[in-house]
Amino acid sequence: MSRGKQPSKAPKVRKAVLTHTIADFEPAFWPDEQPVDNAVVMTMGALHEGHAALIRAARKQVGADGRVAVTVFVNPLQFGEGEDLDRYPRTLAADVRLAEENGADVVFAPLPEEVYPNGTPQVRIAAGPMGERFEGATRPGHFDGMLMVVAKLLHITDPDFAFFGEKDAQQLAIVRRMVADLDFDVEVIGVPTIREEDGLALSSRNRFLSEQERTQALVLSKALLAGRDAAAQGPKAVREAASAVLDGADGITLDYLALIDPEDFVEAPDDFQGEAVLAVAAKVGSTRLIDNVHMIVR
């Protein structure tokens with residue numbers, strides 16, 4: 001798949017091309033036969049600094065002469081009954097500007113009928129047991145829908161590298177497993193979570209928080225950091241430290257707090273040692289937020 005790697009030149013001033021169809025995307029992303037590396041950053045739009053970090057990482061990876069595509073697609077297959085598909089923010093003009101400013105060459109923003117020309121797909125990719133835990137238990141079918149669109153966009157964009165945020169830790173783990181199990185010829189690269197100065201993880205859904213709710217939401221990152229600080233004492237100490245911060249927190253309805261083995265996304269046992277993800281999901285008011293931190297448990 002790789003088109004080779006050319007020597008880097010000075011950074012270019014880029015103007016991102018906005019495309020809506022596969023037919024327009026292909027010549028925009030590969031305007032000539034020059035053999036260069038390419039990367040994709042997949043998003044559902046409403047881009048913020050977290051997405052910008054992904055795009056910058058992609059640009060750094062492929063160099064000044066490489067190609068970076070950003071996809072903007074609110075995937076209906078990822079939304080279950082009663083979820084916020086219609087409420088999800090659409091800010092395409094701002095998204096294109098942000099993508100362009102951070103190094104994208106092409107923004108691919110298709111309509112659902114372009115991605116799913118035959119309507120709802122009859123043949124699907126299943127996330128399996130990894131997709132039934134944690135976020136998958138709360139949002140049945142979410143990861144199956146996510147994998148379906150990721151697989152299609154990997155085929156369309158044909159990248160050497162695909163960048164995903166570590167904030168969606170379960171999504172990243174499942175995408176990596178799909179790529180390995182189904183022999184996709186792409187390297188999946190995770191990019192660390194971007195946070196506000198006060199610790200709140202950036203999310204497109206933060207805009208739905210009132211001022212009071214945003215303050216209340218800070219307890220999520222505080223709990224994760226407390227858990228990480230206890231990593232040297234083992235899994236039980238991690239859970240207890242994080243839970244102590246969350247217990248009785250105002251305005252928070254906890255969905256789960258879990259210390260997870262990132263290899264297969266199962267709960268780490270009390271004798272676990274090694275790399276782990278401490279993940280939390282909670283509603284703050286009516287807005288559901290997720291966050292996590294990585295750590296080495298001793």
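Scroll up to find the structure this text is about.
Residues numbered from 1 in each chain as written. Predicted model: local features only at pLDDT ≥ 70, side-chain atom pairs only at ≥ 80, totals over all residues. Heavy atoms only, no water.

Trainee: Break down the packing of aromatic side chains for me, citing the residues and quoting the values.
Mentor: For the structure on display, the rule yields eight aromatic pairs. For the ring pair F25 and F108, a centre distance of 5.2 Å and an interplane angle of 45° mean the geometry is tilted. With F25 in helix 1 (residues 22–29) and F108 in strand 4 (residues 106–108), this residue pair connects regions lying 83 residues apart in the sequence. Taking the relative accessible area as the measure of exposure, F108 reaches 0% and is therefore buried. Where F134 meets F265, the ring centres are 6.1 Å apart and the plane angle is 75°; that geometry is what we call edge-to-face. Placement of F134 in the loop between helix 4 (112–115) and helix 5 (135–138) and of F265 in the loop between strand 7 (252–261) and strand 8 (266–267) is noted, with a sequence separation of 131 residues between them. Taken together, F25, F29, W30 and F108 form an aromatic cluster joined through their ring pairs. (Phe/Tyr/Trp six-rings, centres within 6.5 Å; stacked < 30°, edge-to-face > 60°. Helix = DSSP H or I, 4+ residues; strand = E, 2+ residues; numbered from the N terminus. Buried < 20%, exposed > 50% of the residue type's maximum accessible area, 1.4 Å probe, protein only.)

Trainee: Got a sec to walk through the sheet that holds strand 6 (residues 187–191)? Specific residues and values, please.
Mentor: A sheet is described by the order of its strands in space; here six strands give the open sequence 1-4-3-2-5-6, paired in parallel fashion. Across the chains shown, the open sheet's two edge strands, defined by having one partner strand only, are strand 1 (17–19) and strand 6. Going from strand to strand, the sheet's axes swing by 25° on average, the running direction of each strand aside. Both strand 5 (residues 161–165) and strand 6 contribute to a ladder of five bridges, which runs parallel. Paired with A162 across the strands is V188, a residue of strand 6. The strands touched by helix 6 (residues 142–157) within the sheet are strand 2 (38–43), strand 3 (67–72), strand 4 and strand 5, with strand 2 carrying the most contacts at an inclination of about 150°. (Pairing = 2+ DSSP bridges. Axes fitted to C-alpha atoms, helices over the stretch in contact; angles between N-to-C directions. Contact = heavy atoms within 4.5 Å.)

Trainee: Just give me the short version of the sheet that holds strand 8, but keep the residues and values in it.
Mentor: With respect to topology, four strands assemble into an open sheet ordered 8-7-9-10, the strand pairing being antiparallel. The sheet is open, and its two borders are formed by strand 8 and strand 10 (287–297), each paired with just one other strand. Both strand 7 and strand 9 (residues 274–284) contribute to a ladder of eight bridges, which runs antiparallel. In the sheet register, L257 faces strand 9, and the bridge partner there is V280.

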